Amino acid sequence: PQQSAPAPGAAPTAEQLEPVKAAVRALLHQPEYDDGSAGPVLVRLAWHSAGTYCKETNTGGSNGAGMRYEKEGGDPANAGLQHARAFLEPVKKQFPFVSYADLWTLAATVAVAEMGGPAVPWQGGRTDYVDDAKVPPRGRLPDGAQGADHLRFIFYRMGFNDQEIVALSGAHNLGRCHGDRSGFEGKWVNNPTRFSNQYFKLLLKFEKDWKKTTLANGLQQFVYVDEDLAGEEGEEKEEGLMMLPTDMSLISDPKFRAWVEKYAADQDLFFRDFAAVFAKLLELGLRRDAQGRVVNEENVEDGYRS
Ligand code: CCH
């Protein structure tokens, strides 16, 4: 007979994860939420769980799922991600053998694929052990109000290069900004639940048309409203599109821009590079042995064992 759950403490096998992935697929369609999909916010959850990594101190990263606790979860940068965690809670209840850290990262790969994106390689074995002494300080995630220097400072700390920064930024094909979360408002592309290279195309296509505006809360962002689509006076206006200052820095900085141009022209290239760099992001801070088992001390002490 097939084993449906791993032995206590062992990481789940690919076969055991199939029903977990199916359960994630089944919850993506959320007619009452945002643009009708939980997908974008699940991608952001995985990114913020992993994007705290610092290669110098080997702290942060997806292992431990520390965002469940106030110290990390209460970082203003993580506002709104409680929705993503709540979407996944029934899956965790149904499959308690999967760690939160594995579930959050796995769910993002399922969401990307279901929204038409590439298959992102993913390996399990993360545990939910949090070492209080190693909780990453707040402020490690990027600030959309800044520019290219800030992006390099943040992403070089994780070990990424300029090409990888641009490829990762392509995730802004998905989802939207929420005034009550980040303070920014709006979506980057017209169909924010379909993964594509449209974000790169629009950055370039409207290069001269993106207009800087100041929101009521004082934050600045760039907006584009297509006058032809905007309708007659008095009619409901088509929602405009937006870019963050950090997004705009990808076309003003020549080294970043070279990659924006490549990805705008070649969706296959973007998909290949995104899959590789998103997989790398989700692995940050994990040490694996030759069999692929995670051997971070905390995993041996507490949680999945071989
Ligand atoms: Fe992002 N992102 N992100 N982002 N992000 C926001 C939303 C999403 C920055 C700022 C913001 C990545 C990189 C950056 C997603 C994936 C990725 C928001 C709006 C801000 C602000 C949050 C809100 O109000 O709800 C900045 C700055 C950077 C710098 O590089 C990377 C990398 C990824 C993934 C690979 C996704 C997806 C969203 C949409 C979330 C949603 O709820 O719809």
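Everything discussed here concerns the structure shown above.
Rules and cut-offs
Residues numbered from 1 in each chain as written. Predicted model: local features only at pLDDT ≥ 70, side-chain atom pairs only at ≥ 80, totals over all residues. Heavy atoms only, no water. Helix = DSSP H or I, 4+ residues; strand = E, 2+ residues; numbered from the N terminus. Rg over C-alpha atoms; globule rule 2.2 N^0.38 Å. Areas by Shrake-Rupley, 256 points an atom, 1.4 Å probe, with all protein chains shown as cover. Near = heavy atom within 4 Å. Polar contact = N/O pair within 3.5 Å; in protein donor to acceptor, adjacent residues only side chain to side chain. 1 Å grid on protein atoms, 1.4 Å probe; cavity = no way out; pocket = protein on both sides within 12 Å on 5 of 7 lines; lining within 4 Å. Sits in = over half its atoms within 2 Å of the grid points. Points joined across faces, edges and corners; volume = space filled by probe spheres on them. Nonpolar A, V, L, I, M, F, W, Y, C, P; charged D, E, K, R; others polar. Axes fitted to C-alpha atoms, helices over the stretch in contact; angles between N-to-C directions. Parallel < 35°, antiparallel > 145°, perpendicular 65-115°, else oblique. Left-handed = near helix turned anticlockwise from the far one by under 90°. Contact = heavy atoms within 4.5 Å. Phe/Tyr/Trp six-rings, centres within 6.5 Å; stacked < 30°, edge-to-face > 60°. Lys NZ or Arg CZ within 6 Å of the ring centre and 35° of its normal. Core = buried A, V, L, I, M, F, W, Y, C linked by side-chain atoms within 4.5 Å. Buried < 20%, exposed > 50% of the residue type's maximum accessible area, 1.4 Å probe, protein only. Pairing = 2+ DSSP bridges. Salt bridge = Lys/Arg side-chain N within 4 Å of Asp/Glu carboxyl O.

Enquirer: For this particular structure, what's the right way to read the overall build of the protein?
Expert: In terms of helices and strands, the protein carries twelve helices and five strands. A globule of 306 residues ought to have a C-alpha radius of gyration of about 19 Å, and the protein, at 20 Å, matches this closely. With the model as given, the accessible surface of the protein reaches about 14,400 Å², and the carbon-plus-sulfur share is 51%.

Enquirer: Honestly, the site of the ligand in this entry has me stumped. Any pointers?
Expert: As a matter of local geometry, the ligand sits amid 24 residues, with His 172, Gly 175, Arg 176, His 178 and Ser 182 nearest to it. Ser 182 places a polar side-chain atom, nitrogen or oxygen, 2.6 Å from an oxygen atom of the ligand. Among the detected pockets, the ligand sits in the largest pocket. Residue assignment for the shell around the ligand shows that the elements contributing at least two residues are helix H2 (39-50), helix H6 (148-158) and strand S1 (176-177). Broken down by element, the residue count for the shell around the ligand peaks at four residues, all from H2.

Enquirer: It is not clear to me how empty space enclosed by the protein should be interpreted in this structure. Could you clarify?
Expert: This structure, assessed with the given rule, holds one cavity of 30 Å³ or more. In this model, the largest cavity occupies a volume close to 70 Å³. Its residues placed into classes, the lining of the largest cavity shows three nonpolar, three polar and five charged.

Enquirer: How should I be thinking about the packing of helix H1 (residues 14-28) against helix H4 (residues 81-94) in this particular structure?
Expert: For any two helices packed against each other, the geometry comes down to the angle between their axes and how far apart the axes lie. Contact geometry of H1 with H4 gives a least axis separation of 10 Å together with a crossing angle of 150°. Comparing their axes, H4 and H1 come out roughly antiparallel. With respect to the hand of their crossing, H1 and H4 are arranged in right-handed fashion. Contacts between H1 and H4 involve Val 20, Ala 23, Val 24 and Leu 27 from the former and Phe 87, Leu 88, Val 91 and Gln 94 from the latter. Broken down by class, the residue content of the contact of H1 with H4 amounts to seven nonpolar, one polar and no charged.

Enquirer: When you look at the packing of aromatic side chains in this model, what are you seeing that I'm missing?
Expert: Two aromatic rings are characterised by how far apart their centres lie and by the angle between their planes. Counting across every chain of the model gives 19 aromatic pairs. Between the aromatic rings of Phe 195 and Phe 270, the centroid separation amounts to 5.6 Å while the plane-to-plane angle is 25°, which identifies the pairing as stacked. With Phe 195 in the loop between strand S2 (186-187) and helix H8 (198-205) and Phe 270 in helix H11 (residues 267-283), this pair connects stretches of sequence that are 75 residues apart. An aromatic cluster is present here, built from Phe 195, Tyr 199, Phe 200, Trp 259, Tyr 263, Phe 270, Phe 271, Phe 274 and Phe 278 joined pairwise through their rings. Note that Lys 92 overlies the ring of Tyr 100, its terminal NZ or CZ placed 4.8 Å from the centroid.

Enquirer: Explain the nonpolar core to me, please; I cannot follow it from the model alone.
Expert: Looking at soluble globular proteins, one finds that nonpolar side chains tend to be buried together. Formed by 87 residues in total, the largest nonpolar core has its most connected members in Val 20, Leu 88, Phe 155, Trp 210, Met 243, Phe 278 and Leu 281. Beyond its immediate chain neighbours, meaning those up to four positions away, Phe 155 contacts Trp 47, Pro 142, Phe 160, Ile 165 and Leu 168.

Enquirer: Is there a simple way to explain the side chain of Arg 181 in this structure?
Expert: With respect to the helices, strands and loops of the structure, Arg 181 is situated in the loop between S1 and S2. Side chain to side chain, Arg 181 and Tyr 33 meet in a polar contact 3.2 Å long. Among all residues touching Arg 181, those that are not within four sequence positions of it are Tyr 33, Val 41, Ala 79, Gly 80 and His 83.

Enquirer: What exactly am I supposed to notice about unusual backbone geometry here?
Expert: Negative phi values dominate among residues other than glycine, just as trans dominates among peptide bonds. Positive phi, close to 50°, is recorded for Asn 58, a residue that is not glycine. Mapped onto the fold, Asn 58 is located in the loop between H2 and helix H3 (70-73). Residue Asn 58 is classed as partly exposed on the basis of its relative accessible area, which comes to 33%.

Enquirer: Help me understand the pairing of strand S4 (residues 220-224), please; the structure alone is not making it clear to me.
Expert: Consecutive residues of a regular strand have side chains that alternate between opposite faces of the sheet. Strand direction decides the pairing type here: strand S3 (residues 211-214) and S4, joined by four bridges, are antiparallel. Residue Lys 211 lies in a different strand from S4, and its bridge partner there is Val 223. Sheet topology places S4 next to strand S5 (residues 241-243); three bridges connect them, and they run antiparallel. If you follow Val 223 over to S5, its bridge partner there is Met 242.

Enquirer: Looking at this model, I keep getting lost on the packing of H2 against H4. Mind explaining?
Expert: Running from N to C, H2 and H4 cross one another at 105°; their axes reach a closest spacing of 9 Å. In this view, H2 runs roughly perpendicular relative to H4, as classed from their interaxial angle. Contact residues: H2 offers Val 41, Leu 42, Arg 44, Leu 45 and His 48, while H4 offers Leu 81, Ala 84, Arg 85, Phe 87 and Leu 88. Split into classes, the residues belonging to the contact of H2 with H4 amount to seven nonpolar, one polar and two charged.

Enquirer: Just checking my understanding: could you explain the pattern of salt bridges for this structure?
Expert: Opposite charge on two side chains permits them to pair, given that their charged atoms come into close proximity. One pass over the structure, following the stated rule, counts 15 salt bridges. The partner of Asp 289 in a salt bridge is Arg 293, and the shortest N-O contact between them spans 2.8 Å. Judged by its relative accessible area of 37%, Arg 293 is partly exposed. Through salt bridges with shared partners, a single ionic network connects Asp 102, Arg 126, Glu 283 and Arg 288.

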